[in-house]
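Listed below, chain by chain, are the residues.
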Amino acid sequence: QVQLKESGGELVQAGGSLRLSCAASGRTLSNYGMGWLRQAPGKEREFVSYSGQSTSRTYYADSVKGRFTISRDNAKNTVYLQMNSLKPEDTAVYYCARRTDYNTPYYSPSGYVDWGQGTQVTVSS
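Residues numbered from 1 in each chain as written. Predicted model: local features only at pLDDT ≥ 70, side-chain atom pairs only at ≥ 80, totals over all residues. Heavy atoms only, no water.

Trainee: Honestly, the packing of aromatic side chains in this entry has me stumped. Any pointers?
Mentor: Working definition: an aromatic ring pair is given by the centre-to-centre distance plus the angle between the planes. Taken as a whole, this structure holds 8 aromatic pairs when the rule is applied. With centroids separated by 5.7 Å and ring planes inclined at 20 degrees, the aromatic side chains of Tyr50 and Tyr106 adopt a geometry described as stacked. One end of the pair, Tyr50, is in strand β5 (residues 46-51); the other, Tyr106, is in the loop between β9 (92-99) and β10 (112-113), and 56 residues separate them in sequence. The partly exposed category is assigned to Tyr106, whose relative accessible area is 23%. Residue placement shows Arg19 over the ring face of Tyr80; its charged tip is 4.1 Å from the ring centre. Over the aromatic face of Tyr95 sits the side chain of Arg45, whose NZ or CZ is 3.9 Å from the ring centroid. (Phe/Tyr/Trp six-rings, centres within 6.5 Å; stacked < 30°, edge-to-face > 60°. Helix = DSSP H or I, 4+ residues; strand = E, 2+ residues; numbered from the N terminus. Buried < 20%, exposed > 50% of the residue type's maximum accessible area, 1.4 Å probe, protein only. Lys NZ or Arg CZ within 6 Å of the ring centre and 35° of its normal.)

Trainee: What is the right way to look at the side chain of Glu6 in this model?
Mentor: Locating Glu6 in the fold gives a position in strand β1 (residues 3-7). No salt bridge is formed by the buried Glu6; its nearest oppositely charged neighbour, Lys5, is found at 7.1 Å. Looking at Glu6, its side chain comes within polar contact range of the main-chain nitrogen of Gly118, at 2.9 Å. Apart from residues lying up to four places away in sequence, Glu6 is in contact with Ser21, Cys22, Trp36, Tyr94, Tyr95, Cys96, Gly116, Gln117, Gly118 and Thr119. (Lys, Arg positive; Asp, Glu negative; His and termini not counted. Salt bridge = Lys/Arg side-chain N within 4 Å of Asp/Glu carboxyl O. Polar contact = N/O pair within 3.5 Å; in protein donor to acceptor, adjacent residues only side chain to side chain. Contact = heavy atoms within 4.5 Å.)

So this is what it looks like as structure tokens:
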């Protein structure tokens with residue numbers, strides 16, 4: 001099991017930027033595929049971005065493509081999500097999670113375990 005702790009969420013105006021961090025302890029994140037997912041009030045948890053295990057492969061939801069960037073700092077055992085050109089519809093609790101079920105698509109929340117507690121991102125119009 002790995003413990004994940006997200007940070008960096010806050011209230012920001014539309015068009016602004018934030019960088020979310022996901023710090024891990026217990027396991028080395030470079031050994032795993034890691035994802036960012038989010039959940040808005042009244043909605044199901046949805047995929048945002050994924051960084052493949054030991055690869056440079058990254059994937060994004062269509063809604064954030066071109067605006068968000070996922071990255072890793074293996075020395076710090078941390079995964080980041082840089083979010084630019086934020087929109088009110090990006091408002092949600094953002095979670096990082098470790099992917100364990102590689103028979104499940106990377107965009108499926110059911111393929112992830114070891115979720116963090118989440119960090120709130122609120123984008124005002």
